[in-house]
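Single-letter residue listing:
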Amino acid sequence: MNQAVDTLTIDDFSSDQEVRWCPGCGDYAVLKTIQKLMPELKRPRESQVFVSGIGCSSRFPYYMETYGFHTIHGRAPSVATGVKLANPELDVWVITGDGDALSIGGNHTMHALRRNVDLNILLFNNEIYGLTKGQYSPTSKVGTRSPSTPDGSVDRPLSPCAIALGAGAPFVARSIDTEMKHLSPVVKEAHAHEGASFVEILQNCPIYNDGIFEQVKNKKIAPDFRVEAEHGQPLLFGKDKNKGIRLNRDELTLEVVNLGENAEMEDILVHDQTNLAQAQLLAAMQGPEFPVAIGILYYSPVTAYVSDVTDQRLKLRESRGQADLGKLLLSGHTWTVK
Amino acid sequence: MNNAETAESIANTEPGKTPARTVANVVVRFAGDSGDGMQLTGANFTDDTALYGNDLSTFPDFPAEIRAPAGSTFGVSAFQIYFGSEDITTSGDAIDVLVAMNPAALVTTLDEVVKGGLIIVDTGAFSEKNLKKAKYEDSPLEDGSLDAYRVLEIDIHKHVIAAVEPFNLGHKMALRCKNMWTLGLVLWLFDRDKQGTIDNLQKKFASKPDIANANVAALNAGHAFGETAEMPSGIEIYKVPKAKVEPGVYRDIDGSTGLAWGLIAGGKLADINLLFASYPITPASSLLHILAARKEFDVATFQAEDEIAAVCAAVGASFAGSLGVTSSAGPGIALKGEAISLAVSAELPLVVINTQRGGPSTGLPTKTEQSDLLQAVYGRHGDTPLPVISTSTPSDCFEVAIEAVRIATRYMTPVMLLSDGYIANAAEPWLIPDIADFASFPVQFREETEGFHPSLRDPDTLARVWAKPGTPGLEHRIGGIEKSYDTGDISYDPDNHQKMTDTRRDKVLGISKDIPLQEVVMGNTSGKLAVVGWGSTYGPIHQGVKQSREDGLDVSHIHIRHLWPFPDNLKELLSGFDKILVPEMNTGHLVKMLRSEFLIDAQALNKVNGLPFKIGEIIDAIRATLAEDD
């Protein structure tokens, strides 16, 4: 039934399917956050489409009482692009993981972002392959021991947000699975953005990679290991907000400074979410030397692919007039046999 | 003159005039350097020939290299046309008239010219340098190597420079008119009217009147040369009588254009938007080009980042309520396999067009082959049945594309449509259909919420319900995991998987009741021999069977459009023949299917050299097969 958007609640977005993630999985928290956020978006339930690839997180659409398509490994951005091209009125979400989006589907992630297709891409990054029982992933830290790397992985990981920025994504953010207060507004912004929105969600896998984000999640130590990027605000962190990020202008690098020790307030870099170079530096920050940046790292809207496609089509239709198949068949050189 | 016995020579006795002779059919090939404008020459000659009233078939043959060095053998661009007073279905076995604009064109084509055939050469291009590039040690015009042919040597360079002199074009630009001078001569040789070409030139160069006038002057000069010059003995004007063709309005159509317009028509008949998502690949790309230029119609195009993205975008579009169409050649279709299986599992409509080329791997990208039939029917993981149909000729493409759209939307299934490199590029006259003559098949989207679940099916077709996102109250999830027959939810139940596998199979097999019964193209519905083909072997099989029947042989031609499932009566039809011969441009795909499905002793005739069958090869095989009885 066409339900008034004002009356929708979290229950309207919970499907009748039994959720089958492992107990303690970070995916539960993300699911709850998104289900709770849905009524706030004030959009009809039937206009929401969740498209996923393959992996633990890609089961997500089954649990949403919206339209959903659980596709094949790595290809969700392409399927979602087709959905959006076919019906630009829909809100199209891509639910994916580090293996799905950055390994087998790296090409599609890159092109959905550089084309700027109006998709909300939520990448659940748990730095491991969960569904296939624990092999290392393209985001696993060097030295990750797994069934396929029993002596520790030797290849270097990539940073999802750095990849997204490199591919030209106009909206790039990072958040944390269990922190609804942070995740929910970030995703809401991502939804509001007309164009490709990329949100990396640091997500704990309690079975194969438990505690991998402990430093940024554990409330006792997290303040020292993460910095919350807010547009227009200085990049301060630490329990007493006495540490900050400074731009070394000679080396074009970032450095951690201590207020009152080796820096003053005016030395601290102010987050400018429209500054691509700054976003790239923030996205690349890794612990333990640097805090991990969370929040909207980059947001600089440009016109979205599908609306450009539509505009071009409308203009052409205006200039060419009503399409007429009969005329098309008779166009060019014809002759009559009597 | 491929059937020389039907050619009748009439010596024209009028003094001072070139004698004429009447022939039923003739093959002409224009060959020159990539920069010589051979495609334009051929296209104009085709127009004039169609206007004259001959039936015809053409095949452009251009190099794989984009800008090959001038004068090189691999830079030869050619255009072949077969035309005549009878039905023409191939671009011809052997060349009767070769126009060779340089030594490279001569050396690469000579083997295909019939002994006694006419060769027109531009001596102006037979310089030492060009001869060397063509790897001639001595000029073939002087060493006697062309003695078996009739050779008309003309310094076209000299004539064209003189003809366009009033236009002050400069030497280089003036020489570029030599293709039109040559065309003028050839139009004279075949007694065609040159007005059509003059109109085309005025239109093409409307913004450059000097160029237009120079080209027209060159055309006129070439024509006048034929009329006035003393031709060497053995040179005759060809009279090719008009063909008896069905009345109506005609145009030339190539296979790619036929498919593209058929897709547009199919979308209209289904009352649905199309998303054509593709990735460039030879020889399939022209479909994307043609549709991308037609944005006024309800077909959007999407050039994806790769083959997989293309098919996935098409599948996504189908989920969202458009019809997704994707297109490629064999290697790309292999990449799309997993996503096609997803569409089978999710039961979404999809049209997949395979313009086949020589394989495996990169193979022969610009040459034709039929070696993807088994891939189309069987080449996916899991039990993944889908209907496969094929197009036989450029003028068949329009209707076959409509049929693909019809089956895909009516049965909620991917449909594989097989074309090939020959069909894509070849052109022939097409009786333009009236779209109003086609039955429409509007798609019905589900809107009723009562009793809805995503696995609901039509009891007759077994097609799954199509509920598109944006429809209130029908929110649902689909995917590649096995689904419950009763609810559409994920199901790992063993009996359910059996039931769903059977249902997918039965749905596709049931299409056999919804397609025309197999007919015999030519000949009796039973007898000694049926030649059974599919796809672009239509032309040579048709001519081969026709000529064999004229020789009194008991042979019929059956051509299968619906390759999976087969038409319901095919087994019975084939069982009425003592022998079955299956010519294919592969190592034996259809023959394998016919043998395994029907337990019949079908015999293969295979050819995989990148070229279509010659009519003679089909005739030889028919004779050999029938002779086995004796």
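It should be noted that the structure appears before, not after, this text.
What you are looking at is a predicted structure, and each value in this text was computed from that prediction instead of being measured. (Residues numbered from 1 in each chain as written. Chains lettered and ligands numbered in written order. Predicted model: local features only at pLDDT ≥ 70, side-chain atom pairs only at ≥ 80, totals over all residues. Heavy atoms only, no water.)

## Topic: the overall build of chain A
Now for step 1: Regarding its fold elements, chain A presents 11 helices and 12 strands.
Now for step 2: Principal-axis analysis of the C-alpha atoms places the extent of chain A at approximately 95 × 50 × 50 Å.
Now for step 3: A total of 338 residues make up chain A; the buried ones form 54% of that total.
Now for step 4: Look at the contacts in chain A between residues 6 or more apart in sequence, and 65% of them connect residues 24 or more apart.
Now for step 5: Accessible area of chain A: about 14,800 Å², with a carbon and sulfur share of 51%.
Now for step 6: Put simply, chain A has 33 plus and 41 minus side-chain charges, and the middle of one group is 6 Å from the middle of the other. (Helix = DSSP H or I, 4+ residues; strand = E, 2+ residues; numbered from the N terminus. Buried < 20%, exposed > 50% of the residue type's maximum accessible area, 1.4 Å probe, protein only. Contact = heavy atoms within 4.5 Å. Areas by Shrake-Rupley, 256 points an atom, 1.4 Å probe, with all protein chains shown as cover. Lys, Arg positive; Asp, Glu negative; His and termini not counted. Charge placed at Lys NZ, Arg CZ, Asp CG, Glu CD.)

## A word on the overall build of chain B
Now for step 1: For chain B, the helix and strand inventory stands at 20 helices and 22 strands.
Now for step 2: Its C-alpha radius of gyration of 27 Å places chain B within 12% of the 25 Å reference for a compact globule of 630 residues.
Now for step 3: Along the three orthogonal principal directions, the C-alpha set of chain B runs to about 90 × 65 × 45 Å.
Now for step 4: Of the contacts formed within chain B by residues at least 6 apart in sequence, a portion of 75% connects residues at least 24 apart.
Now for step 5: Of the roughly 24,000 Å² that chain B leaves accessible, carbon and sulfur atoms contribute 50%.
Now for step 6: Averaging the locations of the 54 positively and 83 negatively charged side chains of chain B gives two centres separated by 3 Å. (Rg over C-alpha atoms; globule rule 2.2 N^0.38 Å.)

## Thoughts on the nonpolar core
All names here are of chain B.
Now for step 1: Judged by nonpolar contacts, the single largest core of 155 residues is most densely connected at Trp261, Val388, Val532, Leu590 and Leu594.
Now for step 2: With residues up to four places along the chain from it excluded, the contact list for valine 388 reads Leu373, Ala376, Val377, Met416, Leu418, Arg561, His562, Leu563 and Trp564.
Now for step 3: Core analysis: the second largest hydrophobic core is formed by 54 residues, Ala20, Met101, Ile156 and Ala212 among them. (Core = buried A, V, L, I, M, F, W, Y, C linked by side-chain atoms within 4.5 Å.)

## Considerations on the sheet that holds strand S10 (residues 253-258) of chain A
Now for step 1: Strand order in the open sheet made by the 3 strands is S8-S9-S10 (chain A), with antiparallel pairing throughout. The sheet is open, and its two edges are formed by strand S8 (236-237) and S10 of chain A, each paired on a single side. (Pairing = 2+ DSSP bridges.)

## Some details on the interface of chain A and chain B
It is common to report an interface's size as the accessible area lost on association of the parts.
Now for step 1: Listed per partner, the contact involves 55 residues of chain A and 69 residues of chain B.
Now for step 2: Around 5,300 Å² of area is buried between chain A and chain B when both sides are counted, 64% of it from carbon and sulfur atoms.
Now for step 3: Sorting the residues of chain A by area buried against chain B places Tyr67, Leu329 and Trp335 of chain A first, and these three jointly supply 16% of that buried surface.
Now for step 4: Counting every contact that joins chain A to chain B gives 5 salt bridges.
Now for step 5: Between arginine 320 of chain A and glutamate 296 of chain B there is a salt bridge whose closest N-O contact spans 2.7 Å.
Now for step 6: Run the count over chain A and chain B and you get 31 residue pairs in polar contact (both at pLDDT 80 or more). (Buried area = accessible area lost by both parts, 1.4 Å probe. Salt bridge = Lys/Arg side-chain N within 4 Å of Asp/Glu carboxyl O. Polar contact = N/O pair within 3.5 Å; in protein donor to acceptor, adjacent residues only side chain to side chain.)

## Re the sheet that holds strand S21 (residues 577-584) of chain B
All names here are of chain B.
Now for step 1: With parallel pairing, the 4 strands of this open sheet are ordered in space as S19-S18-S21-S22. Where the open sheet ends on each side, the last strands, each with one partner, are strand S19 (555-559) and strand S22 (603-606). Recorded for the sheet is a direction-independent mean angle of 25 degrees between the axes of neighbouring strands.
Now for step 2: Direction of pairing for strand S18 (residues 527-533) relative to S21: parallel, over a ladder of 4 bridges. When the sheet's bridge partners are listed, leucine 529 is paired in S21 with lysine 579.
Now for step 3: Relative to S21, helix H19 (residues 590-598) is tilted by about 145 degrees, and along the sheet it contacts S18, S21 and S22. (Axes fitted to C-alpha atoms, helices over the stretch in contact; angles between N-to-C directions.)

## Topic: helix H4 (residues 156-163) of chain B
Residue and element names in this part refer to chain B.
Now for step 1: Of all the residues in H4, the buried ones are Ile156, His157, Val160 and Ala163. Down the axis, H4 shows its buried residues gathered within 135 degrees of arc, on one side only. Set apart from the buried face of H4 by more than 90 degrees, the exposed residues are Lys158 and Ala162.
Now for step 2: Elements that come into contact with the buried residues of H4 comprise strand S6 (113-122), strand S7 (150-154), helix H5 (171-175), helix H6 (178-189) and helix H8 (209-228). (Arc of directions from axis to C-beta.)

## Points about the pairing of S19 of chain B
Regular strands show a simple pattern: their side chains alternate between the two faces of the sheet.
Residues and elements named next belong to chain B.
Now for step 1: By the criterion of burial, S19 is predominantly enclosed, with 5 of the 5 residues buried.
Now for step 2: Residues of S19 alternate between two faces, with Val555, His557 and His559 on one and Ser556 and Ile558 on the opposite face, all of them buried.
Now for step 3: A crossover links S18 with its parallel partner S19, the connecting element being helix H17 (residues 538-550), and its sense is right-handed. (Right-handed = clockwise from strand over helix to strand, strands pointing away.)

## A word on the pairing of strand S3 (residues 55-61) of chain B
Residue and element names in this part refer to chain B.
Now for step 1: Here S3 lies mainly inside the structure; 6 of its 7 residues are buried.
Now for step 2: Pairing of S3 with strand S4 (residues 76-84), which is carried by 7 bridges, proceeds in the antiparallel orientation. Bridge pairing in S4 links phenylalanine 59 to glutamine 80.

## A word on the side chain of lysine 178 of chain B
Now for step 1: Among the secondary structure elements, lysine 178 of chain B is positioned in helix H6.
Now for step 2: Not counting residues within four places of it along the chain, the set of residues in contact with lysine 178 of chain B comprises Asp36, Met101, Asp122, Ile156, His157 and Val160 of chain B.

## Description of unusual backbone geometry
Now for step 1: Note the cis peptide between glycine 287 of chain A and proline 288 of chain A, where omega equals -5 degrees.
Now for step 2: Residue placement: proline 288 of chain A occurs in the loop between helix H9 (276-284) and strand S11 (292-299).
Now for step 3: Proline 283 of chain B follows threonine 282 of chain B through a cis peptide bond whose omega is 0 degrees.
Now for step 4: Inspection of the secondary structure assignment puts proline 283 of chain B in the loop between strand S10 (274-278) and helix H10 (285-292).
Now for step 5: Phi is positive for lysine 133 of chain A, which is not a glycine, with a value near 80 degrees.
Now for step 6: Even without a glycine there, the phi angle at lysine 135 of chain B is positive, about 65 degrees.

## Details of the packing of helix H1 (residues 26-37) of chain A against helix H6 (residues 180-192) of chain A
Residues and elements named next belong to chain A.
Now for step 1: Two numbers describe how H1 lies on H6: the axes approach to 10 Å, and their chain directions differ by 50 degrees. Judged by the inter-axis angle, H1 sits oblique to H6. When you trace H1 past H6, the crossing you get is right-handed. Residues Val30, Lys32, Thr33, Ile34, Lys36 and Leu37 of H1 pack against Met180, Leu183, Ser184, Val187 and Lys188 of H6.
Now for step 2: For the contact of H1 with H6, the per-class residue count stands at 6 nonpolar, 2 polar and 3 charged. (Parallel < 35°, antiparallel > 145°, perpendicular 65-115°, else oblique. Left-handed = near helix turned anticlockwise from the far one by under 90°. Nonpolar A, V, L, I, M, F, W, Y, C, P; charged D, E, K, R; others polar.)

## Regarding the packing of aromatic side chains
The way to describe two aromatic rings as a pair is by their centre distance and the angle between their planes.
Now for step 1: Inspection of every chain in the model, using the stated rule, returns 23 aromatic pairs over all chains.
Now for step 2: Geometrically, the ring pair formed by phenylalanine 445 of chain B and tryptophan 466 of chain B is tilted, given 4.7 Å between the ring centres and 55 degrees between the ring planes. Placement of the pair is phenylalanine 445 of chain B in the loop between strand S16 (427-431) and strand S17 (477-479) and tryptophan 466 of chain B in the loop between S16 and S17, with a sequence separation of 21 residues.
Now for step 3: A relative accessible area of 4% means that tryptophan 466 of chain B is categorised as buried.
Now for step 4: Grouping aromatic residues by their ring pairs yields a cluster made of Trp21, Tyr28, Phe50, Phe60, Tyr63, Trp93 and Phe124 of chain A.
Now for step 5: Here arginine 192 of chain B stacks its cationic end above the ring of tyrosine 52 of chain B, 3.9 Å away from the centre of that ring.
Now for step 6: Taking the ring centre of tyrosine 485 of chain B as reference, the NZ or CZ of lysine 499 of chain B above it sits at 4.0 Å. (Phe/Tyr/Trp six-rings, centres within 6.5 Å; stacked < 30°, edge-to-face > 60°. Lys NZ or Arg CZ within 6 Å of the ring centre and 35° of its normal.)

## Remarks on the packing of H6 of chain B against H8 of chain B
Residue and element names in this part refer to chain B.
Now for step 1: Running from N to C, H6 and H8 point in directions that differ by 40 degrees, and their axes come no closer than 7 Å. One element, H6, and the other, H8, form an angle in the oblique class. In this structure, the crossing between H6 and H8 has a hand that is right-handed. For the pair H6 and H8, the contacting residues are Asn179, Met180, Trp181, Leu183, Gly184, Leu185, Leu187 and Trp188 in the first and Asn215, Ala218, Leu219, Ala221, Gly222, His223, Phe225, Gly226 and Glu227 in the second.
Now for step 2: Per-class residue counts for the contact of H6 with H8 are 10 nonpolar, 6 polar and 1 charged.

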